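# Results of the structural survey
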Amino acid sequence: MSDKYDVIVIGAGPAGYHAAIRCAQLGMSTACIDKSLNEDGDPVLGGTCLNWGCIPSKALLDISHKFAEAQHGLPDVGVKTGKVSIDVARMMEKKTEVVKKLTGGIPQLFKGNGVTSLPGTGKLLAARQVEYTPHEGKAKVLQAEHVIIAAGSVPVDIPPAPVDGKHIVDSTGALSFDSVPKRLGVIGAGIIGLELGSVWNRLGSEVVLLEALDEFLPMADERIGKDAMKIFQKQGLDIRLGCRVTGAEVKNRKVQVAYKDKDGEQTLEFDKLIVAVGRRPYTEGLLSPDSGVNLDERGYLYVNDLCATDAPNVYAVGDVVRGPMLAHKGMEEGIMVAERIAGQKPLVNYETVPSVIYTHPEVAWVGQTEQQLKASGEAYNVGTFPFSVNGRALAANDTDGMVKILADADSDRILGVHVLGPQASELIAQAVIAMEFDASAEDLGLTMFAHPTLSEAVHEAALGVAGHAIHMVNRKKKK
Ligand code: FAD
Ligand code: NAD
């Protein structure tokens, strides 16, 4: 192991490993320190996303969706199945296989690109020195020309519901239940609450989500949020808004939850309780007092638009800095920083970061919501198109939801795209590309889409902005 590197990256989650690989591709000697261990106690790369986040949750979402389809969807279209049951142990095994396949690929990518992997803990000292403590053995001080911090985030705890890892769990625990809980409580009806609540609801749990706010999904477009809530309630999710949890106690292997809502004090009993009230930046033991890196008022590492910290040649990317806690946002920041260190001038376009909730139907959006445009006073036009009249959605028996496009009233530039529907996570990519190239709704309307596809709903919504949608009667009629 060398003591000097062009770049040392702390953290090998999506933000850190993208940064490290790109630095090495650009010819810099690069080391990446990561302290994560897998369930067997072995060092593992990929951070939250690959091990305890995006990937395992999507494996469970896809498997539980297949289960729900086999139970309810297939008989509805004439496919006869026998009695459908779930083998939770096999489902978890499959999830682990997917995680291992992906996490096992990163060491190969590091090797192939020449990134030195250093399993253990990194701490930033003054003047771009990094103290590296391997899992076994003595600490050593390494020197770098540039340091990129990508230490990620951890779940937020709340005092009334302390996580015990058995009955009261965070998202990591909720990805590994060994059986389907009969009654499942979730504190927080945000992204994790909805995704993991859906997994266990599909497999047979009675799920109650206790959300502090009076509004459901306030970050989504209001109309989409309202429609989504109705659909999720129909699927069996009991979503209760305006609930302040005051206590959670484990008694006789059940969790008693006390909360207050508009009607006063309430209690509920669950077999398991998931606490999913947000995540916070992880900075424990990361910085020495003289590192020169500062935190902002919310505990994130302070960075400018280019992800530079207050310390010269020290950058920070991903969940540990401001902005949405999304894997793809961190990946783009990691690549931008690597290329800037190499003298190139890329930027991250924070206006086109897509968000997706992987329920069914999925919820996906990019850009501004209608309520944001109203609040800013910007004049806009709206085009919507429901999946209920889209040929492919009908053929697939998957017709819930709609596409909604918001465009500037003068320039017709697309300002926001919101999709509630099947494969919204894939459909939103077309909107991101269009917005990245500053497209107008007319540009999208003039583009040819294959028939029959779900994408045609995007096309029709774009045509609808000017009142030209073909497969629905337009409210506003324009020439
Ligand atoms: P992380 O992935 O958290 O990685 C940070 C790494 O740094 C970790 O391995 C950590 O051990 C290591 N580290 C920290 N400090 C040190 C140190 N001092 N020394 C050495 N190593 C250190 N996002 C999406 O975009 N799509 C999704 O579908 C999605 N699903 C999710 C589902 C769940 C259940 C959860 C919890 C999150 C999900 N996310 C999703 C969010 C996503 O996982 C994060 O945004 C992403 O992992 C952040 O990447 P990161 O590289 O910044 O940090
Ligand atoms: P979140 O911010 O999406 O939702 C947390 C919810 O909990 C909010 O609705 C909030 O109002 C509520 N809440 C907060 N305190 C509460 C309390 N005391 N009682 C009841 N409700 C309370 O956070 P999350 O769902 O924990 O997810 C964390 C992060 O992980 C998110 O920021 C998200 O970006 C990321 N993530 C992304 C995906 C994805 O991209 N599909 C999936 C999972 C997680």
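Residues numbered from 1 in each chain as written. Chains lettered and ligands numbered in written order. Predicted model: local features only at pLDDT ≥ 70, side-chain atom pairs only at ≥ 80, totals over all residues. Heavy atoms only, no water.

Bringing the site of ligand 2 into the picture now. Surrounding ligand 2, one finds 20 residues, the nearest of these being I192, E195, E211, G278 and V356. Within the backbone of A212, a nitrogen or oxygen atom sits 3.1 Å from a nitrogen atom of ligand 2. Contacts to ligand 2 include V356, whose backbone N or O atom sits 2.8 Å from a nitrogen atom. In terms of residues, the shell around ligand 2 owes the most to one element, helix α6 (residues 191-202), which gives 3 residues. Grouping the amino acids of the shell around ligand 2 by side-chain chemistry returns 13 nonpolar, 3 polar and 4 charged. Residues from two domains meet in the shell around ligand 2; each of domain 1 (4-155 + 280-348) and domain 2 (168-277) gives at least three. (Near = heavy atom within 4 Å. Polar contact = N/O pair within 3.5 Å; in protein donor to acceptor, adjacent residues only side chain to side chain. Helix = DSSP H or I, 4+ residues; strand = E, 2+ residues; numbered from the N terminus. Nonpolar A, V, L, I, M, F, W, Y, C, P; charged D, E, K, R; others polar. Domains from an automatic or database assignment.)

Once that is clear, we can look at the site of ligand 1. With respect to spatial proximity, 36 residues lie near ligand 1, and among them D34, S36, T48, K58 and D319 are the closest. T48 has a polar side-chain atom sitting 2.6 Å from an oxygen atom of ligand 1. One of the side-chain N or O atoms of K58 is found 2.6 Å from an oxygen atom in ligand 1. Considering ligand 1 on its own, with 1000 Å² of exposed area, one finds that the protein chains cover 93% of that surface. Among the secondary structure elements, those contributing two or more residues to the shell around ligand 1 are α1 (14-25), β2 (30-34), α2 (47-52), α3 (54-76), β3 (115-124) and α8 (327-341). Element by element, the count of residues in the shell around ligand 1 is highest for α2, at 4 residues. A breakdown of the residues in the shell around ligand 1 according to their chemical character gives 16 nonpolar, 15 polar and 5 charged. (Areas by Shrake-Rupley, 256 points an atom, 1.4 Å probe, with all protein chains shown as cover.)

With 26 residues, helix α4 (residues 88-113) ought to run about 38 Å at 1.5 Å a step, and its terminal C-alpha atoms sit 38 Å apart, in line with that. V88, M91, M92, K95, V99, T103, I106 and F110 are the residues of α4 that are buried. Residues of α4 that are buried in the fold lie against α1, β2, α2, α3, β3 and α6. Once α4 ends, the next one or two residues include G114, with phi positive near 85°. (Expected span 1.5 Å × (residues − 1). Buried < 20%, exposed > 50% of the residue type's maximum accessible area, 1.4 Å probe, protein only. Contact = heavy atoms within 4.5 Å.)

It is worth spelling out the domain arrangement of the protein at this point. The domain architecture assigned to the protein consists of domain 1 (4-155 + 280-348), domain 2 (168-277) and domain 3 (352-465). Contacts between the two partners involve 10 residues from domain 1, matched on the other side by 6 residues from domain 3. Of all residues in domain 1, the largest losses of buried area upon contact with domain 3 belong to K58, H65 and H328, amounting jointly to 46% of the total for that side. For the interface between domain 1 and domain 3, the tally reads 0 salt bridges. Inspection of the region where domain 1 meets domain 3 yields 2 residue pairs in polar contact (both at pLDDT 80 or more). Contributions of two or more residues to the side of domain 1 that touches domain 3 are made by α3 and α8. (Buried area = accessible area lost by both parts, 1.4 Å probe. Salt bridge = Lys/Arg side-chain N within 4 Å of Asp/Glu carboxyl O.)

This part covers the sheet that holds strand β21 (residues 414-421). The sheet built from 5 strands is open, its strands ordered β17-β18-β21-β20-β19 with antiparallel pairing. Each of the sheet's edge strands pairs with one partner strand only, and the pair in question is β17 (355-357) and β19 (380-386). Taken pair by pair, the neighbouring strands of this sheet meet at an average axis angle of 10°, ignoring direction. Looking at chain direction, β17 and strand β18 (residues 362-367) are connected through 3 bridges and run antiparallel. The residue of β18 that forms the bridge with S355 is W365. Across the sheet, helix α11 (residues 424-436) touches β17, β18 and β21, and the angle it forms with β18 is around 10°. (Pairing = 2+ DSSP bridges. Axes fitted to C-alpha atoms, helices over the stretch in contact; angles between N-to-C directions.)

This paragraph deals with the layout of surface pockets. The space that makes up the second largest pocket amounts to roughly 1200 Å³. Forming the walls of the second largest pocket are 36 residues, and the residues nearest its centre are H65, E69, Q235, H360 and D398. Contributing elements (two or more residues each) for the lining of the second largest pocket: α3, α6, α7 (222-235), α10 (391-395) and α11. When residues of the lining of the second largest pocket are assigned to their parent elements, the largest contribution, 10 residues, is made by α3. A class-by-class count of the residues in the lining of the second largest pocket yields 10 nonpolar, 14 polar and 12 charged. (1 Å grid on protein atoms, 1.4 Å probe; cavity = no way out; pocket = protein on both sides within 12 Å on 5 of 7 lines; lining within 4 Å. Points joined across faces, edges and corners; volume = space filled by probe spheres on them.)

On to the nonpolar core. The biggest cluster of nonpolar side chains holds 37 residues, and the ones touching the most others in it are L194, W200, F216, F232, I239, I274 and V363. Residues within four places of F216 in sequence aside, it is in contact with A189, L194, G225, A228, M229, F232, I239 and L241. (Core = buried A, V, L, I, M, F, W, Y, C linked by side-chain atoms within 4.5 Å.)

Moving on, we get to the sheet that holds strand β9 (residues 206-210). Read from one edge to the other, the open sheet built from 5 strands follows the order β7-β14-β8-β9-β10, with strand pairing classed as parallel. Either end of the sheet is taken by a strand with one partner, and the two such strands are β7 (168-169) and β10 (238-240). Where β7 and strand β14 (residues 272-275) come together, 2 bridges link them in parallel fashion. Counterpart to I168 in the pairing with β14 is L273. Packing of α6 onto the sheet brings it into contact with β8 (183-187), β9, β10 and β14, and relative to β9 it is tilted by some 165°.

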